[in-house]
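Structural characterization, general
For reference, the chains in residue letters:
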Amino acid sequence: MSNVDLARVQFAMTSIYHFLFVPVTIGLAFLTAVLQTVWHRKGEAAYLRLTKFFGTLLIINVAVGVVTGLVQEFQFGMNWSAYSRLVGDVFGAPLAMEGLAAFFLEATFLGVWIFGWDKLPRRLHLATIWLVALGAAGSAAFIMAANSWMQHPVGYQTNPTTGRPQLNDIWAVMTNPVFLWGYAHVLLAALATAAVVMLAVSAWHLRKKSHVEVFARSAKLSLAVLVPTMFLAMFVGSELGVVEAKYQPMKIAAAEAQWETCQPCSFSAFQIGGGNNDQNPTKIIAIPHLLSLLATNTWNGQVIGLNEVNAQYQQQYGPGNYVPNVFIQYWSMRVMAYAASLVLLLGLWGLWLIHRNKLETSRRFLWLAVWSVLLPFAMNTAGWLLTENGRQPWIVQGIMRTSDGVSPSVGTTSIVISLIVFFLLYLVLAIVDLVLMLRYARRELPPAPAEPVDEPPVPVGIQ
Amino acid sequence: MTLVNVWFILIAVLWTGFFVLEGFDFGVGILHRYLSRDEPDRLTIINTIGPLWDGNEVWLVVAGAAMFAAFPGWYSTMFSAYYLALALILVALILRGVSFEFRGRDQSPRWRTRWSILLTAGSIVAPLLLGVALGGLLHGLPIGADQEYTGDFLDLLKPYPLYVGVTLLALCVLHGATFIALKTTGGVRDRAKRLARQVAPFVAAIVAVYAIWTHIVADKGVLPNPIEIAAILAVIAAAWFAGQGRDGWAFTLTTFVMAAVVVSIFTELFPRVMVSTEGAATDLTISNTASGSYTLKLMTVIFILIFPVVAAYQAWTYHTFRQRLSRTEFENATEE
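Definitions and cut-offs
- Residues numbered from 1 in each chain as written.
- Chains lettered and ligands numbered in written order.
- Predicted model: local features only at pLDDT ≥ 70, side-chain atom pairs only at ≥ 80, totals over all residues.
- Heavy atoms only, no water.
- Helix = DSSP H or I, 4+ residues; strand = E, 2+ residues; numbered from the N terminus.
- Rg over C-alpha atoms; globule rule 2.2 N^0.38 Å.
- Buried < 20%, exposed > 50% of the residue type's maximum accessible area, 1.4 Å probe, protein only.
- Areas by Shrake-Rupley, 256 points an atom, 1.4 Å probe, with all protein chains shown as cover.
- Expected span 1.5 Å × (residues − 1).
- Contact = heavy atoms within 4.5 Å.
- Polar contact = N/O pair within 3.5 Å; in protein donor to acceptor, adjacent residues only side chain to side chain.
- Salt bridge = Lys/Arg side-chain N within 4 Å of Asp/Glu carboxyl O.
- Patch = residues over 30% accessible without salt bridge, like charges linked within 9 Å, V, L, I, M, F, W, Y side chains within 5 Å.
- Lys, Arg positive; Asp, Glu negative; His and termini not counted.
- Charge placed at Lys NZ, Arg CZ, Asp CG, Glu CD.
- Disulfide = S-S within 2.5 Å.
- UniProt positions renumbered as here; feature names shortened; annotations may be inferred.
- Phe/Tyr/Trp six-rings, centres within 6.5 Å; stacked < 30°, edge-to-face > 60°.
- Axes fitted to C-alpha atoms, helices over the stretch in contact; angles between N-to-C directions.
- Parallel < 35°, antiparallel > 145°, perpendicular 65-115°, else oblique.
- Left-handed = near helix turned anticlockwise from the far one by under 90°.
- pLDDT = per-residue confidence, 0-100.
- Bend = angle between axes of the 7 residues up to and from the residue.
- Nonpolar A, V, L, I, M, F, W, Y, C, P; charged D, E, K, R; others polar.

Our focus in this paragraph is the overall build of chain B. If you tally the helices and strands in chain B, you get 13 helices and two strands. Relative to the globule expectation of 20 Å for 336 residues, the C-alpha radius of gyration of chain B, 20 Å, shows essentially globular dimensions. Seen through its C-alpha atoms, chain B measures out along the principal axes to roughly 65 × 40 × 40 Å. Looking at chain B as a whole, 65% of its 336 residues qualify as buried. For chain B, the accessible surface area stands at approximately 11,700 Å², while carbon and sulfur atoms represent 68% of it.

This part takes up helix α9 (residues 226–244) of chain B. Residues and elements named next belong to chain B. With 19 residues, α9 ought to run about 27 Å at 1.5 Å a step, and its terminal C-alpha atoms sit 27 Å apart, in line with that. On the buried face of α9, the contacting elements are α8 (186–218) and α10 (247–269). Of the residues flanking the end of α9, it is G245, one or two places downstream, whose phi is positive at about 75 degrees.

A word on the side chain of S407 of chain A. With respect to the helices, strands and loops of the structure, S407 of chain A is situated in the loop between α14 (402–405) and α15 (412–442). Within the structure, the side chain of S407 of chain A is placed 2.7 Å from the backbone oxygen of M78 of chain A, a separation counted as a polar contact. If we skip the residues at most four places from it in the chain, S407 of chain A touches G77, M78, N79, W80, S81 and A82 of chain A together with S80 of chain B.

In this complex, chain A contributes 74 residues to the contact, which on the side of chain B involves 71 residues. One can count two salt bridges joining chain A with chain B. Residue E148 of chain B is joined to R85 of chain A by a salt bridge in which the shortest nitrogen-to-oxygen separation is 3.2 Å. Where chain A touches chain B, the interface holds 20 residue pairs in polar contact (both at pLDDT 80 or more).

A few words now on a positive patch on the surface. Together, K208, K209, R363 and R442 of chain A make up a positively charged patch on the protein surface. Inspection of the secondary structure assignment puts R363 of chain A in helix α12 (residues 363–371).

Turning to the state of the cysteines, a few remarks are in order. Residues and elements named next belong to chain A. Applying the stated rule across the entire model yields one disulfide over all chains. Note that C262 is cross-linked by a disulfide to C265, the S-S spacing being 2.1 Å. Torsion about the S-S bond of the C262 and C265 cystine: about 105 degrees, corresponding to right-handed handedness. On the basis of relative accessibility, which here comes to 1%, the residue C265 falls in the buried class.

Residues and elements named next belong to chain B. Listed under "transmembrane region" (unreviewed entry) in the UniProt record, and renumbered for this structure, are residues 6–35, 81–98, 118–140, 160–182, 194–216, 222–242, 249–267 and 294–316. Secondary structure across residues 160–182 comprises 100% helix and 0% strand; the distance between its end C-alpha atoms is 33 Å. End C-alpha atoms of residues 294–316 are separated by 33 Å, and the span's content is 100% helix alongside 0% strand.

Turning to a nonpolar patch on the surface, a few remarks are in order. All names here are of chain A. Together, V416, I420, F423, L424, L427, I431 and V435 make up an exposed nonpolar region whose accessible area comes to about 610 Å². When you line up the elements, V435 lands in helix α15. Overall, V435 belongs to the partly exposed group, its relative accessible area being 42%.

Attention shifts here to the packing of aromatic side chains. To describe a pair of aromatic rings, you give the distance between the ring centres and the angle between the ring planes. Here the structure, examined in full by the defined rule, presents 55 aromatic pairs over all chains. Where F74 of chain A meets F79 of chain B, the ring centres are 5.0 Å apart and the plane angle is 75 degrees; that geometry is what we call edge-to-face. Taken together, the residues F74 of chain A in helix α2 (residues 45–79) and F79 of chain B in helix α4 (residues 72–81) connect one chain to another. Here the two residues F74 of chain A and F79 of chain B agree in accessibility, since each one is buried.

So, about the environment of T32 of chain A. Residue and element names in this part refer to chain A. Along the polypeptide, T32 turns up in helix α1 (residues 3–42). Taking C-alpha positions, T32 is 8.8 Å from W130, a pair spaced 98 residues apart along the chain. Excluding residues within four positions of it along the chain, T32 makes contact with T51, F54, G55, L58, W113 and I129.

Attention shifts here to the environment of G27 of chain A. Residue and element names in this part refer to chain A. By secondary structure assignment, the location of G27 is in helix α1. A residue is classified by how much of its surface remains accessible, and G27, at 0% relative accessible area, is buried. Taking the C-alpha atoms as reference points, G27 and G65, 38 residues apart in sequence, are found 13 Å from one another.

The subject of this paragraph is the environment of Y156 of chain A. On the secondary structure map, Y156 of chain A appears in strand β1 (residues 156–158). Taking the C-alpha atoms as reference points, Y156 of chain A and L167 of chain A, 11 residues apart in sequence, are found 4.3 Å from one another.

To continue, consider the packing of α8 of chain B against α10 of chain B. All names here are of chain B. The geometry of α8 relative to α10 is characterised by a closest axis approach of 11 Å and an angle of 20 degrees between their N-to-C directions. Here α8 is positioned roughly parallel relative to α10, judged by the angle of their axes. For the pair α8 and α10, the sense of crossing is left-handed. Only D247, V257, V261, S264, I265 and E268 of α10 make contact with α8, whose side of the interface consists of R189, K193, V207, Y210, T214, H215 and A218.

Take the pattern of salt bridges next. Under the counting rule described, the total for this entry stands at 20 salt bridges over all chains. A salt bridge links R334 of chain A to E256 of chain A; the shortest N-O distance between them is 2.6 Å. With R334 of chain A in helix α11 (residues 326–355) and E256 of chain A in the loop between α8 (249–255) and β3 (267–272), this residue pair connects regions lying 78 residues apart in the sequence. Summarising the burial analysis for this pair, R334 of chain A and E256 of chain A share the class buried. For E39 of chain B, the salt bridge goes to R103 of chain B, with nearest N and O atoms at 3.0 Å. Separated by 64 residues along the polypeptide, E39 of chain B in helix α2 (residues 39–49) and R103 of chain B in helix α5 (residues 83–103) bring together distant segments of the chain. The burial state of E39 of chain B is the same as that of R103 of chain B; both residues are buried.

As a further point, take the confidence of the model for chain B. Here chain B averages 91 in pLDDT, and 99% of its residues register 70 or above. Of the two predicted TM-score estimates for the complex, the pTM is 0.91 and the ipTM is 0.91.

Take α1 of chain A next. Residue and element names in this part refer to chain A. Over its 40 residues, α1 extends 58 Å from the first C-alpha to the last, a length consistent with the 58 Å expected when each residue adds 1.5 Å. Its maximal kink placed at F19, α1 deviates by approximately 25 degrees, while the proline P23 follows within four residues. Looking one or two residues beyond α1, the residue adopting positive phi is G43, at roughly 70 degrees.

With that settled, the discussion passes to the confidence of the model for chain A. Residue and element names in this part refer to chain A. Model confidence for chain A is summarised by a mean pLDDT of 90, while 96% of its residues fall at 70 or above. Here strand β4 (residues 282–287) stands out as the least confident element of chain A, with mean pLDDT 85; helix α6 (residues 177–207) is the most confident, with 95. Here residues 451–460 is a poorly scored stretch, pLDDT under 50, and it has 12 contacts once near neighbours within four places are set aside; other chains count.

Next up on the list: the packing of helix α6 (residues 109–139) of chain B against α10 of chain B. Residues and elements named next belong to chain B. Following both chains from N to C, one finds α6 and α10 inclined at 25 degrees, their axes separated by 9 Å at the closest point. It follows from the interaxial angle that α6 and α10 lie roughly parallel. Of the two elements, α6 crosses α10, and the hand of that crossing is left-handed. Here L134, G135, L137 and L138 of α6 come into contact with α10, specifically with V262, I265, F266, E268 and L269. Its residues placed into classes, the contact of α6 with α10 shows seven nonpolar, one polar and one charged.

Structure follows, in structure tokens:
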């Protein structure tokens, strides 16, 4: 493997790992804030217990999310110094804003929220969890703005003497259509992820008949959030697809393994074979017009095939192969879409059960709801693979190739060592995190404050 | 003053803020076992930074991102040159960060000891290597005309950078001890005070040597740098106050010493950002690594708007959690 491949593997590993924790953090911060708000308004002890219960799950996840985020930031300089040197002028600005405007907020007020239960007035304490949620969502905004610039560079001009892109319009960067749709998509996916986690944990307790009256409330809240969120996420995702098809035609053509230009274009449910050396895979269950609809928002829209875009790019950027890995692209599209559809169906079933007053007793639904917790993680990971793999071979679309972005001064041994070290570290942390999440998710609810309690004087803080 | 200069100063401020704040965090991590007799003691010590450490660590994130935005050339060369050192720093920070969270999630003493050891190890390795990295900027690294690092791992481990690492580590220990003395009561506080009294003279000597050596390495003439003089005077005063058991003053002074030590590196660097051992022509400077003027202007506006707010709410956090902790609060939290 070349240095470029190794650096890519390392970046993919870090990003995928980081993004297992990020959506849970963003979504759970928001849901915890909602729970605490309901408690603040209604004063019912059940909501306070739920706030603390899900707040603990939030805290366990934030720890790993934060430290892996640090790795992300350092990796740009460590593995991709040529890239950082070329585009730091544009790409660095949103990263720095993220730290100043969002990450400080999230990290500082999370500490205040955890430790401030008995130190702050109730209303102020409630404000701190909302600031945590705001900080988490804000972080994602700046990171997505930076990432979207790599997908569709805007708001810059190339310095004639240095050849480097220089920022000249931050407004263009922050209104980049890829960013606006992409950010909305990520936020909705994060909310849906946390809602499924909350639903799964609640369902587990409902199955065990533990605190049924309390966990029924969190199950209903999670379903009330999940269904509209998933509908919106799918709508926004399809709009994002149209935007991407316009600026990154390779990305969408590869997602259907569409080698020849078509009009109208159908979407296949499955294919056998496929990949960059197999231009004639056997497509199964072709749904007419669907690809046209997804890529162009029109019934008979044209999708330019991979071969034609490749020929176009060769004329524009010089000789080379500009087709991304089609196999990864095709299947990450489907894993994302199918996992999302299953999540939506589960949510609709749950709503119907609420309507029939059977949510707490439907064993089949509760069992499926517990296991469905895996779906949003598959959906999120596949979504990022779709976005990032579809950008290849560009690190910044049309400006710099990935192979040119790697650090020239870093040796293969260094990359291999750090790759192995991080892999092992992530593995251990994932296991510990999973064990702790499962343990805390299955834990008995802490007693309600109104009930007689035999609590230690310090119920919060590091214990 | 040009914006390029402003951003050099702001990056120095961010690194200084990081070491001042996370410095006592590191110290607490290093000392939490050493200064405790049992689990409630350890919980008392760890909880002194419980609500604070996460916000403190963001200073490092912002310092790194600010270098990326304002001086991409500096960020790229430094981060790729220090590749393995940074990987190790990241491992240390990751283990330290999750230790706070994971340590208390199980009652078993073995579990707690294991995370405690990782907390201590991470708290030692991170400031030591970050110090080596800062020292290396001034000492010089082999850098070619294309601004790329041309050395290998061993080129990073020269005596002066290593000594800067040791200095910062020693300061973290003293800074942590004065912080624990300030934030606790009873036996923990007594032991922290005693430790501060014992180590302060040695730290004073280490800082004095650091100041002289830094001045020689910087090679900026015989005229002493006032910040280095201030660091020496302050560390002597810190040693004296620690000896007297005056918690507040001792902590104030260790804060000042930490700031002075970090700032002195940056003042000696200016206007360079990374010294090249291949000759002054290949030095990285603020002008040959900076972003364009639009980015710098934008970042300056954002900084002026947001940074005072951040400083205010972080200060408020310290105010909210200002009272001393006593071990009685934690005696019921565990069964040992």
